[in-house]
Amino acid sequence: MIGIGGFGQVHLTSLRTLAHANRAKLVAFADPTAARLPDTVAALTWEGVAQYDRFEDMIARDDIDAVIIATPIFLHVQQTVACLAAGKNVYLEKPPCPTLAEYDQLEAAWRASGKVCAVGFQMQAAPVFAYISELVDSGKLGTLTDVWAAARWPRDDAYYSRASWSGRYTLNNVPVFDGPATNALAHVVHATSAIAGAPVRVRGALKRARPIESFDTAYIEAETEKNVRLQLLLTHATQVEKGPIARLRGTGGEATFDWDMNATFTPTGGETIALKFPYQNMVSILLNFIDAVETGSEPATTLPQTLSFLNVVNGALQSGGGITSFDPALIAAVNDDTPKRLYTVAGLDADIEAFTDDPAATPSTVAPGPWVPVDEIGRGLYGV
Ligand SMILES: NC(=O)c1ccc[n+]([C@@H]2O[C@H](COP(=O)([O-])OP(=O)(O)OC[C@H]3O[C@@H](n4cnc5c(N)ncnc54)[C@H](O)[C@@H]3O)[C@@H](O)[C@H]2O)c1
């Protein structure tokens with residue numbers, strides 16, 4: 001493992017379950033600031049897991065088949081390329097990288113390696129996602145016309161001060177592009193993009209209410225090769241925790257799904273069917289990766305499958321002319337001078353409420369920029 005703190009802790013738990021079943025053995029980990037996690041390090045040391053500061057030293061070992069990379073976003077490309085070049089299979093946490101140029105590097109390294117490179121968009125392996133995919137693929141929804149998703153997830157000062165890369169657009173000139181659509185709610189962008197199909201053109205606006213470099217609110221529209229309109233309105237600039245919820249509309253009915261694993265299906269003129277699925281088990285996503293390594297099957301999320309996600313977020317960035325601030329007159333700080341400080345935008349909650357019900361409801365607080373054809377999306381980070 002590279003990176004044992006933060007979300008890496010979830011993978012450590014899964015790996016112990018897999019070790020009990022003799023399906024995986026954690027050999028080593030690399031994390032230069034592991035000393036901040038003395039209990040974790042003590043347990044891993046007792047379990048015989050070797051510790052490294054530098055991941056390069058760890059991957060030089062020839063008794064490692066696969067590496068889980070759960071590090072900050074701006075380290076993903078460098079570490080993944082090095083692991084693949086060293087002949088290791090890689091499970092890379094989402095998002096794969098900030099920019100299309102970096103995606104090109106990842107794809108080239110992956111293809112040259114002949115190894116597995118799975119991306120940690122675990123919703124793709126969730127039972128609720130299989131149900132929704134089947135509704136689309138079987139034609140039960142008729143011809144799909146709209147996919148839209150809304151999410152409000154308050155993120156306070158404590159969240160933004162947890163890591164040096166939080167809220168950053170770049171760090172030491174390396175792209176970070178941290179924000180709801182690219183980090184905490186990236187799953188929503190990826191899952192809905194996967195359903196809607198590859199984007200043909202994108203427009204949007206990435207905005208900030210909080211005084212950060214990057215964005216805390218995303219409004220994104222895309223038209224896809226399946227003739228579906230994808231629309232997303234996602235924010236951390238709110239006091240209200242609601243969603244994410246994704247909705248689908250087709251000529252044969254409507255469907256919804258959410259990250260509490262609820263799904264509904266309403267055939268046109270028919271009764272709503274509501275189902276609750278079990279949570280996606282993080283052990284099973286690693287088993288899916290191990291299966292890909294052992295049998296050559298495709299992992300739940302392949303690198304090329306993340307290209308729609310990258311086009312959608314980078315297209316919105318370019319369309320909006322980079323990240324811009326909300327009208328300062330609309331921004332308010334709540335719980336000022338405490339770690340629970342939040343920034344909110346007058347009218348944004350009402351916009352999201354209306355948009356959740358009707359994707360044609362035009363937000364009053366955020367307007368998309370011009371359409372950007374996908375082949376005109378810049379490969380570097382916009383403006384850098
Ligand atoms: N799949 C999910 O549901 C999910 C959820 C949360 C986070 N994530 C992803 O996990 C990744 C990590 O996010 P986080 O919030 O845990 O980050 P974080 O800032 O907490 O860092 C995670 C770990 O990486 C270590 N690290 C930093 N630099 C390193 C280096 N050079 N070499 C090795 N280790 C290093 C840190 O010390 C820390 O222990 C991100 O890509 C994030 O988007 C995924």
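So, how was this worked out
Residues numbered from 1 in each chain as written. Predicted model: local features only at pLDDT ≥ 70, side-chain atom pairs only at ≥ 80, totals over all residues. Heavy atoms only, no water. Helix = DSSP H or I, 4+ residues; strand = E, 2+ residues; numbered from the N terminus. Rg over C-alpha atoms; globule rule 2.2 N^0.38 Å. Buried < 20%, exposed > 50% of the residue type's maximum accessible area, 1.4 Å probe, protein only. Contact = heavy atoms within 4.5 Å. Areas by Shrake-Rupley, 256 points an atom, 1.4 Å probe, with all protein chains shown as cover. Lys, Arg positive; Asp, Glu negative; His and termini not counted. Charge placed at Lys NZ, Arg CZ, Asp CG, Glu CD. Near = heavy atom within 4 Å. Polar contact = N/O pair within 3.5 Å; in protein donor to acceptor, adjacent residues only side chain to side chain.

1. Focus: the overall build of the protein
Scanning the protein from N- to C-terminus turns up eleven helices and 19 strands. For 384 residues, the compact-globule estimate of 2.2 N^0.38 gives 21 Å, and the protein sits close to it at 21 Å. Projected onto its principal axes, the C-alpha positions of the protein cover 55 × 50 × 40 Å. Burial analysis of the protein (384 residues in total) assigns 54% to the buried set. Restricting the contact set of the protein to residue pairs at least 6 apart, pairs at least 24 apart contribute 71%. Of the roughly 15,800 Å² that the protein leaves accessible, carbon and sulfur atoms contribute 53%. Computed over 29 positive and 42 negative side-chain charges, the inter-centroid distance for the protein is 1 Å.

2. Some remarks on the site of the ligand
Taken together, 28 residues surround the ligand, and among them F7, D31, T33, W165 and N183 come closest. Within the side chain of D31, one N or O atom sits 2.7 Å away from an oxygen atom of the ligand. The contact in question runs from an oxygen atom of the ligand to an N or O atom on the side chain of H76, over 3.1 Å. Surface burial for the ligand is 82%, taken as the share of its 850 Å² of free accessible area covered by protein chains.

3. Comments concerning unusual backbone geometry
Omega for the peptide link from K94 to P95 comes to -15°, which places this bond in the cis form. Within the element layout of this structure, P95 appears in the loop between β4 (89–93) and α5 (100–113). The step from G243 to P244 runs through a cis peptide bond, and the omega angle for that step is 5°. By the secondary structure assignment, P244 is in strand β12 (residues 242–250). Its identity as a non-glycine residue notwithstanding, N173 has a phi of 70°, on the positive side. As for its position among the elements, N173 is in the loop between β7 (170–171) and β8 (174–175). The phi dihedral of D337 is positive, around 65°, even though this residue is not glycine. Along the chain, D337 turns up in the loop between β17 (331–334) and β18 (342–345).

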